[in-house]
Amino acid sequence: MVRNLFQLNKNRKAVSLMIGYVLLIAIAIALSTAVFFYLKLYLPSNNPECDVDIKITIDSVFCGTDDDGKAVIKVNVTNRGLFKIDGAFIKIGDVGRTFKTELNPTRDVYDCDDLSDRFLNPGKMFCFTYNVDNPTTLQGNKEISVQPVVFVDNNPVLCSDAVVSKTVVCT
Amino acid sequence: MLKRGVSPVVATVLLIVIVVILGAIIFIWARGFLSESAVKGDRVVESSCNDVKFEVQIVKVVSECSTGSAIDINNIGNIPIYGVKVLQFKEDEGSADTVFDGAFSGTITVGKSSSACLDSISVNSGDKFRVVPKLLAKNEDRTIAYTCPEKDGITETVV
């Protein structure tokens, strides 16, 4: 009886050794892939950041009426850092208020002496005159702020630590 | 001598089943530590909250607002801000109440600033607020407004 059982057991078919290994490896790879993609969501990504040597200054601001009687804001900004700047957010608002109105929606900056460039190299000055649609809102003390933008891997990156501001009296 | 045990195949199957069950138990247990994850871009939204950079100001008197007070947000970082949750500290009660929880007139994209009236409260000098950003994120197929953890907020004292 025991002998019969033993022989019966010997004749049993199971998966081959090779298929067993393949199955084990496939399961291991599938599990590790699933865990990788799940945990990848929780990994901090390498966000592009501005270099610390990006610096700008507001050289001069004029807020008033020009020779033609139009209300304008003239801004001169110089790149004092070590790298080129690809754009800037230029905003104006009440002194002491965080809320400011954007002056340049296109964010363009370029060298005053070379208008073909769409960026501002170190040491170069950007100068532009913005027309003011509603001059009554721009009276008295105002604050103008400029925040540089650089492109990293074709993505715009704002330089949070390089914001500069200046107070101007609008007449 | 002829003692019988489980066959190698059964043993292997048993091992795999035990490992899978243990793995499932550990996964379900560990998931409790990781909050239900909404995703922004290619990672969980909590990670984006760390990268939000903004300036905030609570202004006592703004002519455009009926009660006079308003909250200004200036987005100086690289993450768009959908809205904010504003908590007002009550020193005497030792608590913080939500006084504003919502969006502005539109998402405050990078480099932009926005302002909203705080109609439900009166603001006085010395009042202390905690302003926490809200971000748009995807949860399964839905877009949700995710409120960042309070640690990612800014404490603002009215002057």
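Before reading further, recall that the structure is shown in the block above.
A brief look at the structure comes next.

The rules we used
- Residues numbered from 1 in each chain as written.
- Chains lettered and ligands numbered in written order.
- Predicted model: local features only at pLDDT ≥ 70, side-chain atom pairs only at ≥ 80, totals over all residues.
- Helix = DSSP H or I, 4+ residues; strand = E, 2+ residues; numbered from the N terminus.
- Expected span 1.5 Å × (residues − 1).
- Buried ≥ 20, exposed ≤ 12 C-beta atoms within 10 Å, placed from the backbone.
- Core = buried A, V, L, I, M, F, W, Y, C linked by C-beta atoms within 7 Å.
- Contact = placed C-beta atoms within 7 Å.
- Nonpolar A, V, L, I, M, F, W, Y, C, P; charged D, E, K, R; others polar.
- Pairing = 2+ DSSP bridges.
- Axes fitted to C-alpha atoms, helices over the stretch in contact; angles between N-to-C directions.

1. Quick word on helix α1 (residues 8-31) of chain B
For an α-helix the count is 3.6 residues per turn, leaving residues at separations of three or four pointing the same way. Here α1(B) is 24 residues long and its end C-alpha atoms lie 34 Å apart, about the 34 Å a rise of 1.5 Å per residue gives. Counting buried positions over the 24 residues of α1(B) gives 0, only a small fraction of the element.

2. Structural notes on the nonpolar core
Core analysis: the biggest nonpolar cluster contains 57 residues, and Ala88(A), Ile71(B), Ile81(B) and Leu135(B) have the highest contact counts within it. Beyond its immediate chain neighbours, meaning those up to four positions away, Ala88(A) contacts Val77(A), Arg107(A), Val109(A), Val146(A), Gln147(A), Pro148(A) and Val149(A).

3. Re the interface of chain A and chain B
In this complex, chain A contributes 23 residues to the contact, which on the side of chain B involves 26 residues. If you list the elements that add at least two residues to the side of chain A that touches chain B, you get α1 (2-10), β3 (87-94) and β7 (155-158) of chain A. Class assignment for the residues of the side of chain A that touches chain B results in 13 nonpolar, 6 polar and 4 charged.

4. Topic: the sheet that holds strand β3 (residues 54-59) of chain B
Residue and element names in this part refer to chain B. Here we have 3 strands laid out as an open sheet, ordered β3-β4-β7, and antiparallel in their pairing. A strand with exactly one partner marks an edge of an open sheet, and here the two such strands are β3 and β7 (113-117). Direction aside, the axes of adjacent strands within the sheet are offset by 15° on average. As paired strands, β3 and strand β4 (residues 70-75) are joined by 6 bridges and run antiparallel to one another. Within the sheet, the bridge partner assigned to Phe 54 lies in β4 and is Asn 75.

5. Considerations on the pairing of strand β5 (residues 81-90) of chain B
Residues and elements named next belong to chain B. The sheet contact formed by β5 and strand β6 (residues 95-108) spans 9 bridges and is antiparallel. Counterpart to Lys 85 in the pairing with β6 is Asp 101. Two strands pair when backbone bridges link them, and β5 and strand β8 (residues 128-139) are joined in this way by 6 bridges, in the antiparallel orientation. From the neighbouring strand, Gly 83 faces β8, where its bridge partner is Lys 134.

6. Some thoughts on the sheet that holds strand β1 (residues 56-65) of chain A
All names here are of chain A. Strand order across the open sheet formed by 3 strands is β1-β2-β5, with antiparallel pairing between neighbours. Sheet topology places β1 and β5 (125-131) at the edges, where each strand pairs with a single neighbour. Here the average twist between neighbouring strands, direction ignored, is 15°. Where β1 and strand β2 (residues 71-79) come together, 9 bridges link them in antiparallel fashion.

7. Things to note about unusual backbone geometry
Residue and element names in this part refer to chain A. Phi is positive for Asp 153, close to 50°, though the residue is something other than glycine. Its place among the elements puts Asp 153 in the loop between β6 (140-152) and β7. The class of Asp 153 is exposed, set by 6 C-beta atoms lying within 10 Å. You will see that Asn 154, though not glycine, has its phi angle at about 65°, which is positive. Mapped onto the fold, Asn 154 is located in the loop between β6 and β7. Residue class for Asn 154 comes out exposed when judged on the 5 C-beta atoms lying within 10 Å of it.

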